[in-house]
Amino acid sequence: MVFLQSRLIDRMPPVRGRLREDVALNKITWFQVGGPADVVFKPEDEQDLADFLKALPADIPVFTIGVGSNLLVRDGGVRGVVIRLGRHFAKTAYDGEILTVGAGVLDGNAAKFAANAGLEGAEFLSGIPGCIGGALRMNAGAYGADISDIFLSAVAYDRNGDRHELGLKDMGFSYRHSDIPKDWIFTQAKLRLSPGNTREILDRMADISRNREESQPVRNQTGGSTFANPPGQKAWELIENVDGRGLTIGGAMVSDKHCNFLINKGTATAADLENLGEELRRRVFEAHDTLLRWEIVRVGEARQLKAGKAP
């Protein structure tokens with residue numbers, strides 16, 4: 001007797017959005033590596049998302065991906081359902097000094113919209129790759145500011161499809177971290193800004209863009225900052241001090257321009273990149289008794305790491 005393995009997509013509830021199976025994720029992440037997702041779901045709107053989560057069998061894991069700028073998908077791919085938020089979640093509006101942004105809005109686009117509305121305080125977002133949903137998840141920041149500085153409220157859905165309105169205390173923000181469960185999905189946020197001069201705001205954003213171009217490997221296949229800065233220290237300085245700049249494993253390399261960035265030279269696997277990151281962590285821990293914390297989100301099934309992992 002032959003037993004046929006069931007396809008995960010056959011267990012999906014009815015939706016108004018789009019369901020696809022065996023989707024290559026390397027095409028949508030900035031590192032351009034990694035295996036496929038079992039299923040990708042793009043909901044039509046918030047109600048479609050809520051209904052899907054309520055009806056999805058509880059044993060099927062869910063993970064949300066934005067533009068993949070701060071993400072390392074492992075070579076074995078992602079089991080379960082990957083959710084990507086589409087056009088309905090990429091809307092922006094303002095009322096007075098309150099900016100309402102969908103979780104799928106690019107950080108840079110949110111900053112531009114605010115500037116053109118004569119609202120200041122969101123300029124730092126122009127220097128952060130990714131979407132608002134990811135910025136909320138990790139309390140993203142740059143150039144002396146982070147999302148918690150301007151945060152007013154957010155909407156998120158839990159794994160059961162229940163809607164939650166979250167205030168500042170609910171978020172539990174700290175440096176590059178929020179306390180929101182990993183399987184909750186942000187759909188929108190309200191940010192409190194201040195009146196400003198559009199021309200001056202755009203000038204500050206242009207300065208941020210020039211600084212980023214000069215100091216970061218933005219023309220390479222890379223992600224955001226690899227590691228969070230330890231308290232009172234700079235991750236790039238610790239990496240520099242252990243001869244990490246330019247270090248290579250397989251097709252992965254530590255950037256010569258900014259050594260807290262990993263680069264896919266064109267042939268890297270996700271394992272190459274993760275091995276390289278773990279080798280940096282090992283060196284820094286042995287030399288400085290400091291454990292670097294990954295800021296890049298790693299997801300999916302991995303092959304065995306070759307480098308010795310730091311504790």
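One can find the structure itself at the top, above this paragraph.
Residues numbered from 1 in each chain as written. Predicted model: local features only at pLDDT ≥ 70, side-chain atom pairs only at ≥ 80, totals over all residues. Heavy atoms only, no water.

The next subject is the overall build of the chain. From N to C terminus, the chain includes seven helices and 21 strands. Taking 19 Å as the expected radius of gyration for a compact globule of 311 residues, we find that the chain reaches 20 Å, a close match to that expectation. For the C-alpha atoms alone, the extent of the chain along its principal axes is close to 60 × 55 × 30 Å. Relative to its full complement of 311 residues, the chain shows a buried share of 50%. (Helix = DSSP H or I, 4+ residues; strand = E, 2+ residues; numbered from the N terminus. Rg over C-alpha atoms; globule rule 2.2 N^0.38 Å. Buried < 20%, exposed > 50% of the residue type's maximum accessible area, 1.4 Å probe, protein only.)

A word on the side chain of R176. For R176, the location among the structural elements is in the loop between α4 (168-171) and β13 (185-192). Buried and unpaired, R176 has no salt bridge, with D146 as the nearest side chain of opposite charge at 4.2 Å. Within polar-contact distance, the side chain of R176 engages the backbone oxygen of G141 at 3.2 Å. Non-local contacts of R176, meaning those with residues more than four positions away in its chain, are made with M138, N139, A140, G141, A142, D146, R293 and E295. (Lys, Arg positive; Asp, Glu negative; His and termini not counted. Salt bridge = Lys/Arg side-chain N within 4 Å of Asp/Glu carboxyl O. Polar contact = N/O pair within 3.5 Å; in protein donor to acceptor, adjacent residues only side chain to side chain. Contact = heavy atoms within 4.5 Å.)

Our next topic: the packing of aromatic side chains. One pass over the structure, following the stated rule, counts four aromatic pairs. When the ring of Y94 is compared with that of F113, the centres are 6.1 Å apart and the planes differ by 70°; the resulting orientation is edge-to-face. Taken together, the residues Y94 in strand β6 (residues 92-95) and F113 in helix α2 (residues 107-116) connect sequence positions 19 residues apart. With a relative accessible area of 29%, F113 lands in the partly exposed category. (Phe/Tyr/Trp six-rings, centres within 6.5 Å; stacked < 30°, edge-to-face > 60°.)

Let us look at unusual backbone geometry. Excluding glycine, a negative phi dihedral is what most residues carry, and trans is how most peptide bonds are arranged. Of note in the backbone geometry, D22 takes a positive phi value of approximately 50° without being a glycine. Tracing the sequence through the fold places D22 in strand β1 (residues 18-24). When its relative accessible area of 58% is taken as the criterion, D22 is described as exposed. Even without being glycine, D243 reaches a positive phi, approximately 60°. Here D243 shows up in the loop between α6 (235-241) and β17 (248-249).

Turning to the sheet that holds strand β19 (residues 262-264), a few remarks are in order. Strand order in the open sheet formed by four strands is β15-β19-β18-β17, and the pairing between neighbours is antiparallel. This sheet does not close on itself; its edge strands, each paired only once, are β15 (221-222) and β17. Across two bridges, the pairing between β15 and β19 is antiparallel. Bridge pairing in β19 links Q221 to N264. (Pairing = 2+ DSSP bridges.)

Further remarks concern the pairing of strand β5 (residues 78-83). Across the six residues of β5, five count as buried, placing the element largely inside the fold. Note: strand β2 (residues 36-42) against β5, four bridges, orientation parallel. Paired with V39 across the strands is V81, a residue of β5. Sheet topology note: the strand β3 (residues 62-64)/β5 ladder contains three bridges and is parallel. In the strand pairing of β5, V62 is matched with V81.

Among all positions of α2, only D107, A110, A111, A114 and A115 are buried. Considered in projection along α2, the buried side chains sweep an arc of 135° and stay on one side of the axis. Buried residues along α2 sit against β7 (98-102), β8 (119-120), α3 (132-138) and α5 (198-215). G118 sits one or two residues past α2 and shows a positive phi near 75°. (Arc of directions from axis to C-beta.)

This brings us to the pairing of β2. Regular strands show a simple pattern: their side chains alternate between the two faces of the sheet. Pairing analysis gives six bridges linking β1 to β2, with the strands arranged antiparallel. Bridge assignment links E21 to a residue of β2, and that residue is V39.

For the rest of this paragraph, the subject is the sheet that holds strand β12 (residues 163-166). Strands sit in the order β6-β7-β13-β11-β12 across an open sheet of five strands; the sheet is antiparallel. The open sheet has two free edges, formed respectively by β6 and β12, since each of these has just one partner strand. Pairwise comparison of adjacent strand axes, ignoring direction, gives a mean angle of 15° for this sheet. In this sheet, β13 lies alongside strand β11 (residues 151-157) in antiparallel orientation, the contact comprising six bridges. The residue of β13 that forms the bridge with Y157 is I185. (Axes fitted to C-alpha atoms, helices over the stretch in contact; angles between N-to-C directions.)

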